[in-house]
Amino acid sequence: MNLELFLATKTGTPIIGQIASVMGWIMDGIYKMLDGLFGIQNIGLCIIIFSIIIYALMTPLQVKQQKFSKLSSVMQPELQKIQKKYKDKKDQASVQKMQEETQLVYQKYGVSPTGSCVQLLIQFPVLMALWQVIYKIPGYVGSVKNVFTGLVDQITSVSGYTDLIQSFITDNKMTRVQLALDNGKATSNSVIDFLYALSPSQWKDLASMDQFKGFADTINTTSAEISKMQNFCGLNIADQPLNYIKAAFEGASIALAIAALLIPILAWATQVLNYKLMPQATSSAEGAVDTMQASMKTMNTVMPLMSAVFCFTFPVGLGIYWIASAVVRSVQQWFINRHLDKMDINDLVNEN
């Protein structure tokens, strides 16, 4: 089994792992600052502040990418004219001439044909690392991981603890939790992953297991401590919105069910807003414009809907991250749009 996929420790993927480590220090620093200055131990709030900081740091990349997009839209008539000029000429001399004229247009506006790709290549590992930190909180926030260490020592001292935990995972249909094994036994980090993913009701079930009754007090104490850290507006960020909605039909709090329902709704709404603020894509070929616009429109409709659907069965914490990041990107995009709208295209060309 691939250990790095499921451990509570940091990912070992090259580049992404190193970036995630830096982000982990930021996340852990945010948690310690909130705890030290204000006595607030709340992972959900940390996720929101963390998202704001990371996307704020990425603003220069966003500005540069969208400057390229604005210049690209101005360049399109000239590029299309060149393509039309050599449309039916397939000989080597014509192809070379078309490439030369196209390159001159790019030089005229001071941009590189691969300029946008470079910005995306830089952002991709950053966004992947950001996902790692949010998805594996205990691996990057030492203050959270330390909550589990005493309990993990007691669990791993129980004979057959790996099979007991695996049965618990299967019985409770915890499909996203898988144990990483070392010599046939679940690793300590793997057990931390399991414990972090427990909902309040699952903590009670764990404490009631005969094999763990000897340290039920430790389980309950750990549960209370981590639940306080995972509480966000009454919701446990490790639980799924769908569980709250199902529980409401069985007599549980309707208010919590409504709050849980707001997670996928807001995830959808904030991403729709973000897509609407994004500048429209342009194409370098006349015949492809309508196709590209149709594809972008479809993607902008489908992606937010997919996020909403996923949010029902993903932990609340991931939904909070999606909402927070979409809001930050929308605010960021609004300011970028205003900044670019005020720029004269000639000034932009001269700057390049």
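Residues numbered from 1 in each chain as written. Predicted model: local features only at pLDDT ≥ 70, side-chain atom pairs only at ≥ 80, totals over all residues. Heavy atoms only, no water.

Glancing now at the overall build of the chain. A count of helical and extended segments in the chain gives 17 helices and four strands. Evaluated residue by residue, the chain yields a buried proportion of 44% over its 352 residues. Excluding contacts between residues fewer than 6 apart, the proportion of contacts in the chain whose partners are at least 24 apart in sequence is 74%. As displayed, the chain offers around 18600 Å² of accessible surface, 61% of which is attributable to carbon and sulfur atoms. (Helix = DSSP H or I, 4+ residues; strand = E, 2+ residues; numbered from the N terminus. Buried < 20%, exposed > 50% of the residue type's maximum accessible area, 1.4 Å probe, protein only. Contact = heavy atoms within 4.5 Å. Areas by Shrake-Rupley, 256 points an atom, 1.4 Å probe, with all protein chains shown as cover.)

What follows deals with a nonpolar patch on the surface. Taken together, the side chains of Ile254, Ile258, Leu261, Leu262, Ile265 and Leu266 present a nonpolar region at the surface, about 510 Å² in accessible area. Residue Leu261 is classed as partly exposed on the basis of its relative accessible area of 35%. (Patch = residues over 30% accessible without salt bridge, like charges linked within 9 Å, V, L, I, M, F, W, Y side chains within 5 Å. Salt bridge = Lys/Arg side-chain N within 4 Å of Asp/Glu carboxyl O.)

Quick look at the nonpolar core now. Ranked by internal contacts, the top residues of the largest apolar core, which has 69 residues, are Phe194, Leu195 and Leu206. Excluding residues within four positions of it along the chain, Phe194 makes contact with Ile165, Phe168, Ile169, Met174, Val177 and Leu206. Counting residues in each nonpolar core, the second largest holds 16 residues, with Leu79, Val105, Tyr106 and Val349 among its members. (Core = buried A, V, L, I, M, F, W, Y, C linked by side-chain atoms within 4.5 Å.)

Now for the pattern of salt bridges. With the rule as written, the count across this model stands at three salt bridges. A salt bridge links Glu101 to Lys85, with the nearest nitrogen and oxygen atoms 3.2 Å apart. Separated by 16 residues along the polypeptide, Glu101 in helix α4 (residues 92–109) and Lys85 in helix α3 (residues 59–85) bring together distant segments of the chain. Residue classification places Lys85 among the partly exposed positions, given a relative accessible area of 47%. Of the charged contacts, one joins Lys213 and Asp210 as a salt bridge, the two residues approaching to 3.5 Å between their closest N and O atoms.

As a further point, take the layout of surface pockets. The volume enclosed by the second largest pocket comes to roughly 790 Å³. Surrounding the second largest pocket, 31 residues form its lining, Arg176, Val177, Ala197, Ala238 and Pro315 being those nearest its centre. For the lining of the second largest pocket, the elements supplying multiple residues, two or more each, are α5 (115–135), α6 (137–140), α10 (188–196), α11 (200–207) and α16 (316–342). Of the residues that constitute the lining of the second largest pocket, the class distribution is 16 nonpolar, nine polar and six charged. (1 Å grid on protein atoms, 1.4 Å probe; cavity = no way out; pocket = protein on both sides within 12 Å on 5 of 7 lines; lining within 4 Å. Points joined across faces, edges and corners; volume = space filled by probe spheres on them. Nonpolar A, V, L, I, M, F, W, Y, C, P; charged D, E, K, R; others polar.)

By the secondary structure assignment, Ser51 is in helix α2 (residues 43–57). Here the side chain of Ser51 touches Ile47 through a polar contact of 2.8 Å, landing on its backbone oxygen. Discounting residues that sit within four places of it in the chain, Ser51 has contacts with Tyr321, Ala324, Ser325 and Val328. (Polar contact = N/O pair within 3.5 Å; in protein donor to acceptor, adjacent residues only side chain to side chain.)

Bringing helix α12 (residues 216–230) into the picture now. Compared with an ideal rise of 1.5 Å per residue, which puts 15 residues at 21 Å, α12 spans 20 Å between its outermost C-alpha atoms and is within 8% of the ideal. The complete set of buried residues in α12 reads Ala216, Ile219, Thr222, Ser223, Ile226, Ser227, Met229 and Gln230. One side of α12 holds all its buried residues, which, seen down the axis, span an arc of 155°. Exposed side chains of α12 directed beyond 90 degrees from the buried face belong to Asp217, Thr221 and Lys228. (Expected span 1.5 Å × (residues − 1). Arc of directions from axis to C-beta.)

Looking now at the environment of Val309. Structurally, Val309 is set in helix α15 (residues 286–313). Here Val309 falls in the exposed class, since its relative accessible area comes to 54%. Spatially, the C-alpha atom of Val309 lies 9.5 Å from that of Ala267, the residues being 42 residues apart in sequence.

With 27 residues, α3 should reach 39 Å at 1.5 Å per residue; the first-to-last C-alpha distance of 39 Å fits that figure. Its maximal kink placed at Met75, α3 deviates by approximately 45°, while the proline Pro77 follows within four residues. (Bend = angle between axes of the 7 residues up to and from the residue.)

Moving on, we come to the packing of helix α14 (residues 254–277) against α16. Direction vectors running N to C along α14 and α16 enclose 20°, while the axes themselves pass 9 Å from each other. The orientation of α14 relative to α16 falls into the category roughly parallel. Our pair here, α14 against α16, has a crossing hand that is left-handed. Facing α14, whose interface residues are Ile263, Leu266, Ala267, Thr270, Gln271, Leu273, Asn274 and Leu277, α16 presents Val316, Gly319, Ile320, Trp322, Ile323, Ala326, Val327, Arg329, Ser330, Gln333 and Asn337. (Axes fitted to C-alpha atoms, helices over the stretch in contact; angles between N-to-C directions. Parallel < 35°, antiparallel > 145°, perpendicular 65-115°, else oblique. Left-handed = near helix turned anticlockwise from the far one by under 90°.)

In this section: the confidence of the model for the chain. Low-confidence regions, as indicated by low pLDDT, have predicted coordinates that should not be scrutinised in detail. On average, residues of the chain carry a pLDDT of 85, and 89% of them reach 70 or more. Here residues 1–7 scores under 50 on pLDDT; set against residues more than four positions off or in separate chains, the count is 18 contacts. Per-residue pLDDT stays below 50 along residues 283–289; that stretch engages in eleven contacts with residues further than four places along the chain or on separate chains. (pLDDT = per-residue confidence, 0-100.)

The tally for this structure, following the rule as stated, stands at six aromatic pairs. Centroid distance Phe168 to Phe194: 5.6 Å. Interplanar angle 85°. Geometry classified as edge-to-face. Of this pair, Phe168 sits in helix α9 (residues 161–171) while Phe194 sits in helix α10, and the two are 26 residues apart along the sequence. Where Trp334 meets Phe335, the ring centres are 4.9 Å apart and the plane angle is 80°; that geometry is what we call edge-to-face. (Phe/Tyr/Trp six-rings, centres within 6.5 Å; stacked < 30°, edge-to-face > 60°.)

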